[in-house]
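# Residue-level structural notes
Spelled out, the chains give:
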Number of protein chains: 4
Amino acid sequence: MEDLARSYFPKNISDREMAIFELGIKLAALFHIAVGMPIQNASKTRESVAMGIAKSIECQPYVKEVKVSILEKGEKVDKQYKKRHEFDYNSINGKNLQASVDLQYKNWHVVGKIEYIPQLNYPLMHITKIESIPLSSEKTNKS
Amino acid sequence: MEDLARSYFPKNISDREMAIFELGIKLAALFHIAVGMPIQNASKTRESVAMGIAKSIECQPYVKEVKVSILEKGEKVDKQYKKRHEFDYNSINGKNLQASVDLQYKNWHVVGKIEYIPQLNYPLMHITKIESIPLSSEKTNKS
Amino acid sequence: MEDLARSYFPKNISDREMAIFELGIKLAALFHIAVGMPIQNASKTRESVAMGIAKSIECQPYVKEVKVSILEKGEKVDKQYKKRHEFDYNSINGKNLQASVDLQYKNWHVVGKIEYIPQLNYPLMHITKIESIPLSSEKTNKS
Amino acid sequence: MEDLARSYFPKNISDREMAIFELGIKLAALFHIAVGMPIQNASKTRESVAMGIAKSIECQPYVKEVKVSILEKGEKVDKQYKKRHEFDYNSINGKNLQASVDLQYKNWHVVGKIEYIPQLNYPLMHITKIESIPLSSEKTNKS
């Protein structure tokens, strides 16, 4: 199935570029799924919501691991949180969502993040790491 | 804050009607947040994603409890699920999403559901229970 | 089909309550569909995005008319808007989304709004009007 | 601002790879914003909703043009559409959404599509074209 999907791409797109394209997809899918979800500053709520989003994105092609945190930088979860009134909650937005996605396409391992960058006033999606790794089948072939 | 919010409604809206209005809001919020989330038939994934959605909606005003299940009626979670290829997953949609929301507005307790109704070919949001309950403060006043 | 849907509700839910429940659904559907959509302060963009959301919600049961505006109260659309740099845009959120939904269930006409209320720091969904109207079939019967 | 954003990426990511990464982001943002929006088979509704989504994604960085169509392949819009009953509509999903995104990052022009591929039973996001173009500033420099 992966080869069939690849056949829809121009031939001069490399495996490394495929990994980068897929990473962009996952980061944006995560962001647009998460934004607008109600959230409150109780550790159990934040952890459950973050875990649900992470496990959902982990279903997507080539994903190895997803980590999600719903906290502004420097903010701390309030373990003794008590709702003060019925409107005392907020929503996931570009400032409080942080996530990393780790994926592998063939021998390319790539990691990306979503994080709010104050100087840009923007939740930037960016690549943090890209590396070529020996595939287990290649190892076998070489030995 | 609840009284301030109420001041934006016409005066002839009853507490019972407020409960019903709020229930409609929660069911639709849940549905439109959930639809499109990637999902696969592994028990851990389905439970995490369902829990994340439920805990998010529980942040909203007047909600007591939310239950979410991501399974078509009669479908069973595959505890031995293995991904067969990278595209072997689906998404939350109107057919596989079931949820119930339990909320209380003043002395009105109301429960509603989202469930796919084959005869309508539609994910129907409906009320399943509505009842007036004695408020604890009223009990105290009477004693 | 409408009668079949109604059969899933408790018998003591009135037509007026059905209208109120359906209004809650539409307002929350609109909000959670819209939040997170990229937007910029150009009149053509704002009008197109607002129109798309309105026309989508008008597909839902019992809806007569939907109006959407993507502007904070008092804000004005910039007709000479020029993008200053690539990150010069924002998203629909609880503060800049205003909408009204007008629906009719049997002889009940009900109107509701989403609008940001600064004192609540909250995008409140509320009912603005509810009235019983003579149905055209009833008129015919009386004549 | 674009240079500041670029500083968050590894140095060995090329301009061509940046264009590919940004394309993945836009396609997934479009998909997850659109999925779940109510739709009906009336030309005015489909065109308005498609236009609203396109204009929203055109706000994102580096995007030149977005085209959206909400129709399964081979399906035709019904210009005489009449709603038969209140539940006679559907939603945007992986099968009826088609879109193309055209973007430029520095001298790289890249085009991508979302389209349902029956053999994959999957709404595939893929690159359809990538080319290097002379930048106007380069032209100026050469003259």
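Residues numbered from 1 in each chain as written. Chains lettered and ligands numbered in written order. Predicted model: local features only at pLDDT ≥ 70, side-chain atom pairs only at ≥ 80, totals over all residues. Heavy atoms only, no water.

### Overview of the environment of Phe87(A)
Rule in force here: A run of DSSP states H or I qualifies as a helix once it reaches four residues; a run of E qualifies as a strand once it reaches two. Both are numbered from the N-terminal end. Under the scheme applied here, a residue whose accessible area is under 20% of the maximum for its type counts as buried, over 50% as exposed, and between as partly exposed, the area being computed with a 1.4 Å probe on protein chains only. Contacts: residue pairs with any heavy atoms within 4.5 Å of one another.
Mapped onto the elements of the fold, Phe87(A) is located in the loop between β2 (63–70) and β3 (90–91). Exposure remark for Phe87(A): the relative accessible area of 6% places this residue in the buried category. In contact with Phe87(A), not counting residues within four places along its chain, are Met1(B), Glu2(B), Ala5(B), Pro61(B), Tyr62(B), Leu120(C), Tyr122(C) and Leu124(C).

### So, the sheet that holds strand β4 (residues 97–105) of chain D
Residues and elements named next belong to chain D. Heads up, the condition is: Pairing between two strands requires that DSSP report at least two bridges joining them. Orientation is described by axes fitted as lines to C-alpha atoms, over the contacting stretch for helices, and by angles from 0 to 180 degrees between their N-to-C directions.
Strands sit in the order β2-β4-β5-β6 across an open sheet of four strands; the sheet is antiparallel. Single-partner strands in this sheet number two, and they are β2 (63–70) and β6 (122–132). Taking each pair of neighbouring strands and ignoring which way they run, the sheet shows an average axis angle of 10 degrees.

### Considering the pairing of strand β6 (residues 122–132) of chain C
On any regular strand, side chains alternate: one points to one face of the sheet, the next to the other face. All names here are of chain C. Looking at chain direction, strand β5 (residues 108–117) and β6 are connected through ten bridges and run antiparallel. Note on β6: the bridge partner recorded for Glu-115 is Leu-124. Joining the antiparallel neighbours β5 and β6 is a turn of four residues, in which Asn-121 adopts a positive phi near 50 degrees.

### Let's talk about the relation of the copies chain A and chain C
The second copy of the chain is related to the first by a rotation about an axis and a shift along the axis. For clarity, the threshold we go by: Copies overlap after least-squares fitting; the atoms used are the C-alpha atoms of residues with pLDDT of at least 70 in both.
Of the two same-sequence chains, chain A is brought onto chain C (RMSD 0.0 Å, axial shift 0.0 Å) by a rotation of 180 degrees. Between the two chains, the operation in question is that of a two-fold axis. Residue by residue, 100% of the interface of chain A is reproduced at the interface of chain C, so both copies engage with the same surface.

### Examining the interface of chain C and chain B
Heads up, the rule is: Accessible-area loss on putting two parts together, using a 1.4 Å probe and summing over both, is the definition of buried area adopted here. We count a salt bridge whenever a side-chain nitrogen from Lys or Arg sits within 4 Å of a carboxyl oxygen from Asp or Glu.
Taken together, the contacts link 34 residues of chain C with 34 residues of chain B. Summed over both sides, the interface between chain C and chain B buries roughly 3,000 Å², with carbon and sulfur atoms accounting for 72% of that surface. Remark: the boundary between chain C and chain B carries two salt bridges. Across the pair Glu17(B) and Arg16(C) runs a salt bridge, and its minimum N-O distance is 2.5 Å. For the side of chain C that touches chain B, the secondary structure elements donating two or more residues are α1 (2–6), α2 (15–34), β5 and β6 of chain C. Broken down by element, the side of chain C that touches chain B gets its largest block of residues, twelve residues, from α2(C).

### Focus: the packing of helix α3 (residues 43–57) of chain C against helix α3 (residues 43–57) of chain D
Selection criterion: For this classification, under 35 degrees means roughly parallel, over 145 means roughly antiparallel, 65 to 115 means roughly perpendicular, and everything else is oblique. The sense of a crossing depends on the near helix, which, turned anticlockwise from the far helix by less than a right angle, makes the crossing left-handed and, turned clockwise, makes it right-handed. Polar here means any residue outside two lists: the nonpolar Ala, Val, Leu, Ile, Met, Phe, Trp, Tyr, Cys and Pro, and the charged Asp, Glu, Lys and Arg; Gly therefore counts as polar.
One can describe the packing of α3(C) onto α3(D) by two numbers: an axis separation of 7 Å at closest approach and a directional angle of 135 degrees. As the angle between them shows, α3(C) and α3(D) are arranged oblique. Between α3(C) and α3(D) the crossing geometry is left-handed. Contact residues: α3(C) offers Lys44(C), Thr45(C), Ser48(C), Val49(C), Met51(C), Gly52(C), Lys55(C) and Ser56(C), while α3(D) offers Lys44(D), Thr45(D), Ser48(D), Val49(D), Met51(D), Gly52(D), Lys55(D) and Ser56(D). Looking at the contact of α3(C) with α3(D) residue by residue, the classes come out as four nonpolar, eight polar and four charged.

### Brief notes about the relation of the copies chain C and chain B
Overlaying chain C on chain B yields an RMSD of 0.0 Å, the required transformation being a rotation through 180 degrees with an accompanying axial translation of 0.0 Å. Of the residues that chain C buries at the interface, 100% are likewise interface residues in chain B, meaning the two copies contact each other through the same surface.

### A short note on unusual backbone geometry
The phi dihedral of Lys106(B) falls on the positive side, at around 50 degrees, and the residue is not glycine. Along the chain, Lys106(B) falls in the loop between β4 (97–105) and β5 (108–117).

### Some remarks on the sheet that holds strand β6 (residues 122–132) of chain A
All names here are of chain A. Read from one edge of the open sheet, four strands run β2-β4-β5-β6, paired in antiparallel fashion. Both outer strands of the open sheet, β2 and β6, are each paired with one neighbouring strand and no more. In this sheet, adjacent strand axes meet at a mean angle of 10 degrees when their direction is disregarded. Summarising the sheet, strand β4 (residues 97–105) and strand β5 (residues 108–117) pair through seven bridges and their orientation is antiparallel. Its bridge partner being in β5, Tyr-105 is matched across the sheet by Trp-108. Where helix α2 (residues 15–34) meets the sheet, its contacts fall on β2, β4, β5 and β6, and the angle it forms with β4 comes to roughly 150 degrees.

### Quick look at the interface of chain A and chain C
Stated precisely, the cut-off is as follows: Any pair of nitrogen or oxygen atoms within 3.5 Å is treated as a polar contact; in protein, a donor-acceptor pairing is required on top of that, and neighbouring residues in sequence qualify only through side-chain atoms on both sides.
On the chain C side, the residues contacting the nine residues of chain A number nine residues. Counting the surface lost from both chain A and chain C, the interface buries some 810 Å², and carbon and sulfur atoms represent 70% of this. The largest contributions to the chain A side of the interface with chain C come from Gly36(A), Phe87(A) and Tyr122(A), which together make up 53% of the buried area. Taken together, chain A and chain C are joined by zero salt bridges. Taken together, the connections running from chain A to chain C amount to two residue pairs in polar contact (both at pLDDT 80 or more).

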